[in-house]
Amino acid sequence: MMPRMKPGIRSLVCAAALALALLSGCTTVPETGRRQLMLIDAAQEAQMGLSAFADIKNQQLISNDPAANRRVREVGARIAPAVGRDLPNADWEFVVFESEEVNAFALPGGKVGVYTGLLAFADDDDELAAVVGHEIAHVSARHGAERASQQLGVALLGLGVALASEDAKHQDEIRVAYGLVATGTVLKYSRDHESEADRIGLLYMARAGYDPRAAARFWGKMAARKEAGLRMPDWFSTHPSDETRIKRIESWLPEMLPIYEANRR
Ligand SMILES: [Zn+2]
């Protein structure tokens, strides 16, 4: 709690705290080494992922299908060690949700949801691992928290308010940034974030012994589905697939295939 002060002094203290937060508030993205603005505590972020996942599990139908659960558990058990220290706050959990939507998501804290619609659409576990790896990469690269930090930074600069992590309004902003408020909330990641998640996701799947060529194949299938005029899931609009993106994924394959060959089983 901030002690009572005269408004002038208080705003000066706030400005100093803000400057300090912005100066010290940087982290490095694992695997790519990119520096990012980060004003959100990782442990707090993981806690929010945990509570959002608990909400989703309460609201949505969890699949009891043994084959579906076995499939997702197995991919998860191989991907999680491949992520390793990139996600230090992970308490891994992989849950299958009963829904026709081609969809999957990952939340801070290592919480992953896969829809039965995706299991039907993914031809093999390599394709499934491509999607799961990509979603987890958004989390380990802390893309939602980075976006929230940018919004917080702008808000703080504009309003001159103190950074208070317990502030409910800021919690909301963080939740919105991760699309956690309601499952219907659709927030597009930037092109740069998508590209970074593609690259890190390829690394994760290759290390886990899944064929990284499946990533380009899966996104190509999604693009073809869109071209055919079929209804696309909301999830697709947040992870747009286009030729440039698939070409870029393919350009990384010479680097990824030896990793896959060394880890394939
Ligand atoms: Zn994405």
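Structure shown above.
Residues numbered from 1 in each chain as written. Predicted model: local features only at pLDDT ≥ 70, side-chain atom pairs only at ≥ 80, totals over all residues.

## Some thoughts on helix α9 (residues 213-227)
Stated formally: Runs of E in the DSSP output that reach at least two residues are strands. Runs of H or I that reach at least four are helices, and both are numbered from the N terminus. Given a helix with a known number of residues, its expected span is that number minus one, times 1.5 Å. Neighbour counting defines burial: a residue surrounded by 20 or more other C-beta atoms within 10 Å of its own C-beta is buried, one with 12 or fewer is exposed, and intermediate counts give partly exposed, using backbone-placed C-beta atoms. Think of it this way: build a C-beta for each residue from its backbone, and any pair within 7 Å is a contact.
Along its 15 residues, α9 runs 21 Å from first to last C-alpha, staying within 8% of the 21 Å computed at 1.5 Å per residue. Those residues of α9 lying buried are A214, A215, A216, F218, W219 and M222. Looking at the buried positions of α9, the neighbouring elements they touch are α5 (125-140), α8 (191-207), α10 (234-238) and α11 (243-263).

## Let's talk about the environment of I246
Within the fold, I246 resides in helix α11. With 23 residues separating them along the chain, I246 and A223 place their C-alpha atoms 9.7 Å apart. With near-sequence residues (within four places) excluded, I246 lies in contact with A216, W219, G220 and S241.

## Some details on the nonpolar core
Inclusion rule: What makes a nonpolar core is a set of buried Ala, Val, Leu, Ile, Met, Phe, Trp, Tyr and Cys residues, with links drawn between C-beta atoms within 7 Å.
The biggest cluster of nonpolar side chains holds 55 residues, and the ones touching the most others in it are I79, V114, V132 and Y204. The element contributing the most residues to this core is α5, with eight residues. Setting aside its immediate chain neighbours within four residues, I79 contacts A129, V132, G133, I136, Y204 and A208. Within the second largest apolar cluster, six residues are counted, among which are M38, L39, I40 and A148.

## Structural notes on unusual backbone geometry
Even without glycine at this site, E31 takes up a positive phi of about 75°. Mapped onto the elements, E31 comes out in the loop between β1 (26-28) and β2 (35-37).

## So, the sheet that holds strand β4 (residues 104-107)
Operational definition: For two strands to be treated as a pair, DSSP must find at least two bridges joining them. Convention adopted: a line fitted to C-alpha atoms gives each axis, helices being fitted over their contacting stretch, and angles between N-to-C directions are expressed from 0 to 180 degrees.
Strand order across the open sheet formed by three strands is β3-β5-β4, with mixed pairing between neighbours. Here the strands that pair on one side only, and so sit at the sheet edges, are β3 (93-97) and β4. With direction set aside, neighbouring strand axes in the sheet form an average angle of 15°. Judged from the five bridges that link them, β3 and strand β5 (residues 111-115) form a sheet pairing that is parallel. The residue bridging V95 from the neighbouring strand is G113, located in β5. Most of the contacts of helix α2 (residues 42-59) go to β5, to which it runs at about 30°, and overall it touches β3, β4 and β5. Along the sheet, helix α3 (residues 66-83) makes contact with β3 and β5, crossing β3 at roughly 150°.

Function cannot be read off these values alone, since they describe shape.
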